[in-house]
Amino acid sequence: MDKKLLLKSHFHFIGIGGIGMSALAMGLLKKGCSVSGSDLVKNDETNKLEKLGALIFTSQVRHNIEFVTSKFTNRLINFVVSSAIKPENEEFSYCKEKNLSIKHRSEILAMLMRTYTALAVAGSHGKTSTSTFLSTILELCTRNSSSITGGIIPIYNSNCHLENTKYLVAEVDESDGTINKYKSDIGIINNIDFDHCDHFSNLSEVISSFKSFAKNSKKLLLNFDCETSKKNFYSNFKWSNSTAKNVAYAIIPTEINSKYTIGKYYENGNFISNLSIPIPGLHNLSNITAAIAASRMIGVDFIEIKKNLKYLKLPKKRFEFRGQIDERSLYDDYAHHPNEIKETIKLGRLFINQKNNNEFQKNRLIALFQPHRYSRVKQFNKEFAEELSKADVIYVTSIYGAGEGNEDKITSKIITDLIYKKNKNVSYINNYYEFTKNFYELTKKGDLILNMGAGDCHNFWSILNEKPIKINN
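Note that the structure is predicted; figures quoted are calculated from it, not measured. (Residues numbered from 1 in each chain as written. Predicted model: local features only at pLDDT ≥ 70, side-chain atom pairs only at ≥ 80, totals over all residues. Heavy atoms only, no water.)

Q: I tried to follow the overall build of the chain on my own but got confused; where do I start?
A: Counting its secondary structure elements, the chain contains 17 helices and 22 strands. Taking all 473 residues of the chain together, the buried fraction comes to 57%. Across the chain, contacts joining residues at least 24 apart in sequence account for 65% of those joining residues at least 6 apart. Counting every atom, the chain has about 20,600 Å² of accessible surface; 47% of that belongs to carbon and sulfur. Taking the 63 positively charged and 49 negatively charged side chains of the chain as two groups, their mean positions are separated by 5 Å. (Helix = DSSP H or I, 4+ residues; strand = E, 2+ residues; numbered from the N terminus. Buried < 20%, exposed > 50% of the residue type's maximum accessible area, 1.4 Å probe, protein only. Contact = heavy atoms within 4.5 Å. Areas by Shrake-Rupley, 256 points an atom, 1.4 Å probe, with all protein chains shown as cover. Lys, Arg positive; Asp, Glu negative; His and termini not counted. Charge placed at Lys NZ, Arg CZ, Asp CG, Glu CD.)

Q: Where do I start with the packing of helix α13 (residues 374-388) against helix α14 (residues 413-420) in this structure?
A: For any two helices packed against each other, the geometry comes down to the angle between their axes and how far apart the axes lie. Where α13 contacts α14, the axes come no closer than 8 Å and their chain directions differ by 35°. In the packing of α13 onto α14, the handedness of the crossing is right-handed. Facing Val377, Asn381, Lys382, Phe384, Ala385 and Leu388 of α13, the residues of α14 in contact are Ile414, Ile415, Leu418 and Ile419. For the contact of α13 with α14, a count of residues per class yields 8 nonpolar, 1 polar and 1 charged. (Axes fitted to C-alpha atoms, helices over the stretch in contact; angles between N-to-C directions. Left-handed = near helix turned anticlockwise from the far one by under 90°. Nonpolar A, V, L, I, M, F, W, Y, C, P; charged D, E, K, R; others polar.)

Q: Honestly, the sheet that holds strand β2 (residues 34-38) in this entry has me stumped. Any pointers?
A: Across a sheet, paired strands are connected by hydrogen bonds in the backbone, their directions being either parallel or antiparallel. A sheet is described by the order of its strands in space; here 5 strands give the open sequence β3-β2-β1-β4-β5, paired in parallel fashion. The outermost strands of the open sheet, each flanked by one partner alone, are β3 (55-57) and β5 (102-104). Averaged over all adjacent pairs, the angle separating strand axes in this sheet is 25°, with direction ignored. Pairing analysis gives 5 bridges linking strand β1 (residues 9-14) to β2, with the strands arranged parallel. Within the sheet, the bridge partner assigned to His10 lies in β2 and is Ser34. Each of β1, β2 and β4 (76-81) touches helix α2 (residues 19-30); the most contacted strand, β1, lies at about 165° to it. (Pairing = 2+ DSSP bridges.)

Q: What am I meant to see in the state of the cysteines here?
A: Each disulfide consists of one covalent bond between the sulfur atoms belonging to two cysteines. Per the stated rule, a full pass over the model turns up 0 disulfides. Among the cysteines around Cys95, which has no disulfide bond, Cys33 carries the closest sulfur, lying 18 Å off. In this structure Cys160 is a free cysteine whose sulfur lies 12 Å from that of Cys33, the closest cysteine sulfur available. (Disulfide = S-S within 2.5 Å.)

Q: How should the packing of helix α12 (residues 338-353) against α13 be read in this particular structure?
A: Close contact between α12 and α13 brings their axes to 9 Å; oriented N to C, the two are set at 0°. It follows from the interaxial angle that α12 and α13 lie roughly parallel. On the side of α12, the interface is formed by Pro338, Ile341, Lys342 and Ile345, while α13 contributes Phe380, Glu383, Phe384, Glu387 and Leu388. For the contact of α12 with α13, a count of residues per class yields 6 nonpolar, no polar and 3 charged. (Parallel < 35°, antiparallel > 145°, perpendicular 65-115°, else oblique.)

Laid out in structure tokens, this is it:
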């Protein structure tokens, strides 16, 4: 779609409040399009969109579609959906009934990417963090970069920063198979893991999906430390955190503590410099290495990159410190796959075991987990139990279904029963209101509480805020 046609278009997003859909809506508003959308609940993102001029409906009924089609008669109207929108959604079904123009969110992102030198960040884990690090580096080093991601980037305080720039950092999603829609100048694959069992039957199908993405990338940047990527993909551009041999980019860590990471940076096997990075965790170091590598691939000066590393921050909901309640430290994390939980608990343990940090001496690591999707719990219940059992105390809430049916009557008990065989300090908690009501019985002073999940678990802090709490904004 060319610029003239874009300006004559109107876009209505069914489910506009989602983190990915709201980013696209904001991008189109910044491009000069008119935008409307519906969501059952207003949130920070819909409030931002309203301030920018979007028309927001707080219901999803056919009348909304009739209103939009009557109001914007002089424009080409596109109705945008994500894979989360079910066929029975009243707006969606009415659009199909009337043969209106329906676009999947991936088509809109692909359209926007075509107007930039696009750096597409893909992978099973760490996409939002890598996108955030890459966006920060390119913003500070080039002042010529835009971003559309699935998280809030601290440097922009937004999931969308779309301007008339040369570069665009785009986080692309593999969960529904639409990753084959994206064409990029540099395609980044963080890692490949079996997930999204509602769409994929096995790891081979996931690999196949990423292969279509790789085929559409002019240059491919791969994680050499991911065995699946290494076995199934080839590229001259690889990064590693375990070896500097046979890779184009490497950071070999020499120290990782709860505040920063120090490592030796290499290019094509040659030592370049020592780096100090203000982000802990080996998984975060991998994401940062990918961001540095992609920046170098488009010619960003290394000295400029090194100078600006001190400004790197994690996106929101990625080991995000939210505050304290009576000497209990609260962290929020999006981990919802066993391998993500593994890294998050490992990072929490690093904080607790830090020898020179008396605040966390002899304290407990509390895992508070809201499982996300029945299909994921069914597929990975053993793996969830294995990783969660490594916390000192574990609380598992009811499953956040994300619109899935539950024909197999899956419950969180399948996880807690398996954890109990490894760690007796496990309990089922129905919901976050129940946890808040019994907060002082379930926790102790000095606890580090990791609240993990991809559903509405992040409302926990709002619930806790109804009690006296010191929040770190």
